[in-house]
Every structure is written in structure tokens, then in C-alpha cells.
Amino acid sequence: MVGQIPPEIGVFFAMTSYISFFNAQSGPLPSTLGYILPLETFDVESNNLDGPLFQPEYAGTDGLKEIINFRASLNNFVGTIPAEIGQWTKIQNLWFADNLITGTIPTEIGSLAEMRSFLFYKNQISGTIPPEIGNLNKLIIFGGRPRGSVLNTRKQNVLRRRPPSKKK
């Protein structure tokens with residue numbers, strides 16, 4: 001596909017998947033994306049999309065509550081990760097690597113209990129990784145490190161996959 005995602009996408013209010021990776025789509029995401037309440041998969045990786053990635057219309061309190069896969073890596077998106085991302089309680093894969101996202105990772109990320117992969121490398125994210133990431137017991141892939149931070153998994157209890165060994 002070539003060109004912008006038209007705002008008329010919002011009329012497909014029963015659509016469950018929008019998949020357009022490795023295409024030539026450009027421009028911003030339409031705010032009408034928030035009208036597609038049953039949307040489970042949104043995949044626009046490797047296009048030339050720009051503008052704010054997380055708009056209140058779909059990433060806010062009334063946004064995409066059914067979203068499971070949100071993949072937007074390899075574009076030119078800007079903006080910050082809103083605290084309201086914690087409302088995406090069904091999200092399993094959240095990918096927005098290689099964009100121009102700034103700010104910090106909100107602590108609300110730690111409430112996304114179904115999260116299996118979180119990719120945010122190659123952005124302008126700063127600060128520390130919130131210790132709440134350690135609450136994500138199903139997390140398998142964690143890709144990224146905020147600029148200027150040091151990942152200390154012991155202190156932050158981030159990637160705990162193996163149960164502690166029992167000494168005899």
C-alpha cells in the first residue's frame with residue numbers, strides 16, 4: 001500500500017486487524033483509529049509513517065481496550081508513551097522500536113500482565129526502567145534501554161524467569 005492511512009478507516013468499526021507492514025505508507029496515524037474498538041492487531045512496521053504514535057483517541061482512557069498486538073517499529077513516529085497505556089490490559093506485543101519517541105517509560109507498563117514482548121530500542125527514551133517491569137511475569141522479549149541508563153536486573157527485578165534454586 002502507498003500513501004496515508006485514510007481517516008475513513010474509522011468506519012470499519014468491527015475490524016479486528018489492520019496489517020500493513022513493509023509498505024510505503026506515509027503521514028500520521030488518523031485519530032479515527034480509536035473508533036475501531038474491537039481492533040486486536042495493528043501492524044504498520046517498516047513504513048514511512050510519522051506524527052504522534054500514541055494519540056489520546058486510541059491510546060487514552062477510551063482507546064483500544066482490545067488491542068493485543070501493536071507493532072509500529074521502523075517508522076518516524078514522535079511523542080511520548082502515555083500513562084494511559086496501562087489501559088491496554090490485553091496487550092501482548094508492544095513494538096515501537098526505531099522511531100523518535102521521547103520521554104520516559106511510564107510505571108503503568110508494569111500493569112500489562114499479558115505482555116510477552118516489549119521493543120522500544122532506537123528511540124530517544126530517557127530515564128530508568130521502572131521496577132514495575134518486574135511484574136510482567138509473561139515477558140519473554142524486552143528490547144531496549146533508555147538513554148543514559150544502566151540496566152541492573154538484580155536491583156530492578158526485571159527479567160526473572162527462573163525460580164530461585166533450592167539449597168540442600
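Residues numbered from 1 in each chain as written. Predicted model: local features only at pLDDT ≥ 70, side-chain atom pairs only at ≥ 80, totals over all residues. Heavy atoms only, no water.

Engineer: Any chance you could explain the overall build of the protein chain here in plain terms?
Structural biologist: Secondary structure assignment for the protein chain yields 2 helices and 12 strands. Secondary structure of the protein chain in N-to-C order comes out as β-β-β-β-β-α-β-β-β-β-β-β-β-α. A buried classification covers 46% of the 168 residues belonging to the protein chain. In the protein chain, once contacts between residues fewer than 6 apart in sequence are set aside, the share between residues at least 24 apart is 52%. (Helix = DSSP H or I, 4+ residues; strand = E, 2+ residues; numbered from the N terminus. Buried < 20%, exposed > 50% of the residue type's maximum accessible area, 1.4 Å probe, protein only. Contact = heavy atoms within 4.5 Å.)

Engineer: What is the right way to look at the environment of Phe22 in this model?
Structural biologist: Positionally, Phe22 belongs in the loop between strand S2 (17-19) and strand S3 (24-27). On the basis of relative accessibility, which here comes to 59%, the residue Phe22 falls in the exposed class. For the pair Phe22 and Val44, spaced 22 residues apart in sequence, the C-alpha separation works out to 7.6 Å. In this structure, Phe22 is in contact with Glu45, Ser46 and Asn47, ignoring residues within four places of it in sequence.

Engineer: Quick question: what am I supposed to make of a nonpolar patch on the surface here?
Structural biologist: There is a patch of nonpolar side chains on the surface, built from Ile19, Phe21 and Phe22 and spanning about 330 Å² of accessible area. Residue placement: Ile19 occurs in strand S2. (Patch = residues over 30% accessible without salt bridge, like charges linked within 9 Å, V, L, I, M, F, W, Y side chains within 5 Å. Areas by Shrake-Rupley, 256 points an atom, 1.4 Å probe, with all protein chains shown as cover. Salt bridge = Lys/Arg side-chain N within 4 Å of Asp/Glu carboxyl O.)

Engineer: Help me understand unusual backbone geometry in this model?
Structural biologist: Generally, phi is negative for residues other than glycine and the peptide bonds are trans, each holding for most cases. At Phe22, a residue that is not glycine, the phi angle is positive and equals roughly 55°. The residue Leu74 is not glycine, and still its phi comes out positive at about 60°. Looking at the secondary structure, you find Leu74 in the loop between strand S6 (69-71) and strand S7 (76-80).

Engineer: What should I look at first to understand the pattern of salt bridges in this one?
Structural biologist: For side chains bearing opposite charge, pairing can occur when the charged atoms are close. Under the definition given, this model contains 4 salt bridges. Between Arg116 and Glu114 there is a salt bridge, with its nearest N and O atoms 3.7 Å apart. The salt bridge partner of Lys138 is Glu114, with a shortest N-O separation of 2.9 Å. Remark: Glu114 occurs in the loop between strand S9 (100-103) and strand S10 (117-119) and Lys138 occurs in the loop between strand S11 (124-125) and strand S12 (141-143); sequence separation between them is 24 residues. A relative accessible area of 36% means that Lys138 is categorised as partly exposed. One salt-bridge network, in which partners are shared between bridges, spans Glu114, Arg116 and Lys138.

Engineer: Can you walk me through the nonpolar core in this structure?
Structural biologist: For soluble globular proteins, nonpolar side chains are generally found buried alongside one another. In terms of nonpolar packing, the biggest core is built from 39 residues, with Phe42, Phe70, Trp88, Leu94, Phe96, Ile109 and Phe118 touching the most fellow members. When near neighbours in sequence (up to four residues on either side) are disregarded, Phe70 contacts Phe42, Leu53, Phe54, Trp88, Ile91, Asn93, Leu94 and Trp95. (Core = buried A, V, L, I, M, F, W, Y, C linked by side-chain atoms within 4.5 Å.)

Engineer: Explain the sheet that holds S11 here, please?
Structural biologist: Pairing between the strands of a sheet comes from backbone hydrogen bonds, and it takes one of two forms, parallel or antiparallel. A sheet is described by the order of its strands in space; here 6 strands give the open sequence S1-S3-S5-S7-S9-S11, paired in parallel fashion. Of all strands in the sheet, those with a lone pairing partner are strand S1 (2-3) and S11, marking the two edges. Pairing of S3 with strand S5 (residues 48-52), which is carried by 2 bridges, proceeds in the parallel orientation. Bridged to Gly27 within S5 is Leu49. (Pairing = 2+ DSSP bridges.)

Engineer: Can you walk me through the environment of Leu119 in this structure?
Structural biologist: Topologically, Leu119 is positioned in strand S10. Residue classification places Leu119 among the buried positions, given a relative accessible area of 14%. Sequence separation between Leu119 and Ser73 is 46 residues, and the spatial gap between their C-alpha atoms is 8.3 Å. The residues touching Leu119, leaving out its near neighbours within four places in the chain, are Leu94, Trp95, Phe96, Ala97, Ile141 and Gly143.

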